[in-house]
Amino acid sequence: MATRSEVKQALRQQWIETPSWAYGNVGTRFKVFKAPGAARDAYEKVDDAALVHRLTGVAPSVALHIPWDRVDDYGRLAKHASDAGLRIGAINPNVFQEDDYRLGSVCNPGPRVRKKALDHLLECVDIAAAVGSPAVSLWFADGTNYPGQDDIRSRQDRLAEALQAVYEALPAGVGMLLEYKLFEPGFYTMDVPDWGTSLVHCLALGERAKVLVDTGHHAPGTNIEFIVAQLLRLGRLGGFHFNSRFYADDDLLVGAADPYQLFRIMSEIVAAGAHLPGAGVAFMLDQCHNIEEKVPAEIRSVLNVQEATAKALLVDREALAKAQSSGDVLEANSVLVDAFSADVRPLLAELREEMGLDPDPLAAYERSGHREQVRAQRVGGSSTSWGG
Ligand code: PSV
Ligand code: MN
């Protein structure tokens, strides 16, 4: 069993990436509630992400979404981030919010729209190179609503062609993540509905293409840790978009709906040694805070992932292996449940103090004056996110 100091040593190296869009005004398609002081552009989003990192110590990068985070000078944005102690993480293209994409983007039946979408993906590859990002993270809203609407196989061929073009354009050091989603906005077919489809495309492309698991993109009851274990076996788990769901793609705080599921996922990760940055798995959040305050919500989410990881590190792997090999079903299950039931908060508070941080990042946020400062400063303008 890992010692307390081994657990803390592993947690010290943890890397959780927050999404720029969590800091702006985003929400459901029914209503985006505008929050006073919400970040309005990429610079302000980077500032908020940097604060989350300063308070938690384990969120050193921020993902961008283009065009929501488009700026004139990406070198300047990267410098702004590094001056604030942050790195730019995954670059997420947006090929789902323009009228042209009514019938899809890279799978669209029309070559003009396909080219427009591909050009945007290639622009994002260039941005990734300019900001020193490790990956372009692709999600396609492509799909169909009615049987017969379009040819399923032709759409796969169009997808493969676009992915190939993007893959060939990747500069050294930039990888490709391909995210899947069961349904929405396509309700009859999605062109990348599941991990199998994503994996098939990644395998055809090459080693730098990997599957991205968004925890909110599965049917109810799906065993996500099984998917994680399988992708780890194949060396094709590129990373996560963590969030919580009750019904569909709810984008709620990770660990809020089902902390036991998050623990089970992290347990598979830890068992494979994939929790450390060198393993190349990206632990990203993909959340939208519509009714809750954004910066504390991101802090809480980072802490939830950290707690699940700490519990996963506490699993007595030797005892588990022994129980498994001797067929002791109840004991094997108990070993996991014991670790899940542990209260790791004192250990994490101790770790933060050792890292020179406040043991309670949410309390530190309350004292930081950030809320009052941004409410006074960020007045006027419009948010460059989902809600406009
Ligand atoms: C789609 O639902 C998704 O999960 C993709 O990752 C998008 O980039 C993101 O949400 C937009 O909020
Ligand atoms: Mn996602």
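Use the structure listed above.
Because the structure is a prediction, the values reported are computed rather than measured.

Our next topic: the packing of aromatic side chains. Scanning the model with the defined rule gives nine aromatic pairs in all. Both rings, one in Phe 183 and one in Phe 187, keep their centres 5.8 Å apart while their planes meet at 45°; by these two values the pair is tilted. The exposure class assigned to Phe 183 is partly exposed, which follows from its relative accessible area of 32%. With 6.4 Å between their ring centres and 15° between their planes, Phe 242 and Phe 283 make a pair best called stacked. You can see Phe 242 sitting in strand 9 (residues 237-242) and its partner Phe 283 sitting in strand 10 (residues 282-285), a full 41 residues away along the chain. Each of the two residues, Phe 242 as well as Phe 283, counts as buried.

With respect to spatial proximity, the complete set of residues near ligand 1 consists of Trp 21, His 65, Trp 139, Glu 179, Lys 181, Asp 214, His 217, His 241, Asp 249 and Asp 286. A distance of 3.0 Å separates an oxygen atom of ligand 1 from a polar atom in the side chain of Asp 214. Within the side chain of Asp 249, an N or O atom sits 2.8 Å from an oxygen atom of ligand 1. Across the complex, the protein chains shield 95% of the 310 Å² of accessible surface that ligand 1 would expose by itself. Grouping the constituent residues of the shell around ligand 1 by class yields two nonpolar, three polar and five charged.

Secondary-structure assignment places Ala 81 in helix 3 (residues 74-83). Using a relative accessible area of 0% as the deciding quantity, one classes Ala 81 as buried. Those residues in contact with Ala 81, other than ones at most four positions away along the chain, are Val 46, Leu 86 and Ile 88.

Let's shift gears to the side chain of Glu 179. Of note, Glu 179 is situated in strand 6 (residues 175-179). Separated by 3.3 Å, the side chains of Glu 179 and His 241 make a polar contact. Every residue in contact with Glu 179, bar those within four places of it in the chain, is listed here: Leu 138, Trp 139, Val 192, Leu 212, Asp 214, His 217, His 241 and Asp 286.

So, about the coordination of the manganese ion (ligand 2). Around the manganese ion (ligand 2), the donor atoms from the protein are Glu 179 (OE), Asp 214 (OD), His 241 (ND1) and Asp 286 (OD), and they sit 2.1 to 2.2 Å away. Its six donor atoms give the manganese ion (ligand 2) angles of 71 to 167° at the centre, a pattern that matches the octahedral case. Between consecutive donor residues of the manganese ion (ligand 2), the sequence gaps follow E-x34-D-x26-H-x44-D. Of this pair, Asp 214 sits in strand 8 (residues 209-214) while Asp 286 sits in the loop between strand 10 and helix 9 (294-313), placing them 72 residues apart in sequence. For the pair shown, Asp 214 and Asp 286 are each scored as buried.

Our next topic: the environment of Pro 359. Residue placement: Pro 359 occurs in the loop between helix 12 (345-354) and helix 13 (361-368). Residue classification places Pro 359 among the partly exposed positions, given a relative accessible area of 30%. Those residues in contact with Pro 359 that lie beyond four places of it in its chain are Ala 349, Arg 352 and Glu 353.

Our next topic: the nonpolar core. Core analysis: the largest hydrophobic core is formed by 100 residues, its most contacted members being Ile 91, Phe 140, Met 176, Phe 240 and Phe 242. Element by element, the count of residues in this core is highest for helix 9, at nine residues. Filtering out sequence-adjacent residues up to four positions away, Phe 240 remains in contact with Leu 212, Val 213, Val 228, Ile 265, Ile 269, Val 281, Ala 282, Phe 283 and Met 284. Within the second largest apolar cluster, 14 residues are counted, among which are Trp 21, Ala 90, Ala 135 and Trp 139.

With that settled, consider the pattern of salt bridges. By the definition in use, this model includes 24 salt bridges. We note a salt bridge from Glu 350 to Lys 8, for which the minimum N-O separation is 2.5 Å. With a gap of 342 residues between them, Glu 350 in helix 12 and Lys 8 in helix 1 (residues 4-12) connect regions that are remote in the sequence. Residue classification places Glu 350 among the partly exposed residues on the basis of a relative accessible area of 30%. What makes Lys 8 buried here is its relative accessible area of 7%. Asp 83 serves as the salt-bridge partner of Lys 79, at 2.8 Å between the closest nitrogen and oxygen. Of the two residues, Lys 79 and Asp 83 are both situated in helix 3; the distance of four residues between them amounts to about one turn of the helix. For Asp 83, a relative accessible area of 55% puts it in the exposed group.

Conventions and cut-offs
- Per chain, the residues get numbers from 1 upward, laid out in the order the sequence is written.
- By the order in which they are written, chains take letters starting at A while ligands take numbers starting at 1.
- With pLDDT at 70 or above as the cut-off, local features in this predicted model cover only qualifying residues; side-chain atom pairs require 80 or more to be listed or tallied, and sums for whole chains, interfaces and linings still use all residues.
- As a convention, hydrogens and water are excluded, and side-chain values are obtained from all of the structure's heavy atoms.
- Here the aromatic set is Phe, Tyr and Trp, taking the six-membered ring for Trp, and pairing holds for ring centres within 6.5 Å; pairs whose planes are under 30 degrees apart are stacked, those over 60 apart are edge-to-face, and all others are tilted.
- For every residue, the accessible area obtained with a 1.4 Å probe (protein chains only) is divided by the maximum for its type, and the residue is called buried under 20%, exposed over 50%, and partly exposed between those limits.
- Where helices and strands are cited, they refer to DSSP runs of H or I of at least four residues and of E of at least two residues respectively, numbered from the N terminus.
- Each residue is tested against the molecule or strand, and it is near if at least one of its non-hydrogen atoms lies within 4 Å.
- Pairs of N or O atoms are called polar contacts if they sit within 3.5 Å, as long as, within protein, a hydrogen donor faces a hydrogen acceptor (for residues adjacent in sequence, only side-chain-to-side-chain pairs).
- In this description, accessible areas are obtained by the Shrake-Rupley approach with a 1.4 Å probe, and a residue is regarded as covered only by the protein chains that are shown.
- Residue polarity follows a fixed list, in which Ala, Val, Leu, Ile, Met, Phe, Trp, Tyr, Cys and Pro are nonpolar, Asp, Glu, Lys and Arg are charged, and the others, Gly among them, are polar.
- Any two residues whose heavy atoms approach within 4.5 Å are treated as being in contact.
- In this description, a donor is an N, O or S atom within 2.8 Å of the metal centre, a cutoff extended to 3.2 Å for sodium, potassium and calcium. Water is not part of the atom list, which can make sites seem incomplete.
- The rule is simple: four donors are tetrahedral if all their angles sit between 85 and 135 degrees, four are square planar and six octahedral if opposite donors span more than 155 degrees and the others lie between 65 and 115, and anything that fits none of that is irregular.
- The criterion is simple. A nonpolar core is a set of buried Ala, Val, Leu, Ile, Met, Phe, Trp, Tyr and Cys residues joined through side-chain atoms within 4.5 Å.
- For this document, the term salt bridge refers to a Lys or Arg side-chain nitrogen within 4 Å of an Asp or Glu carboxyl oxygen.

Everything listed here is a matter of coordinates, which is why it stays silent on function.
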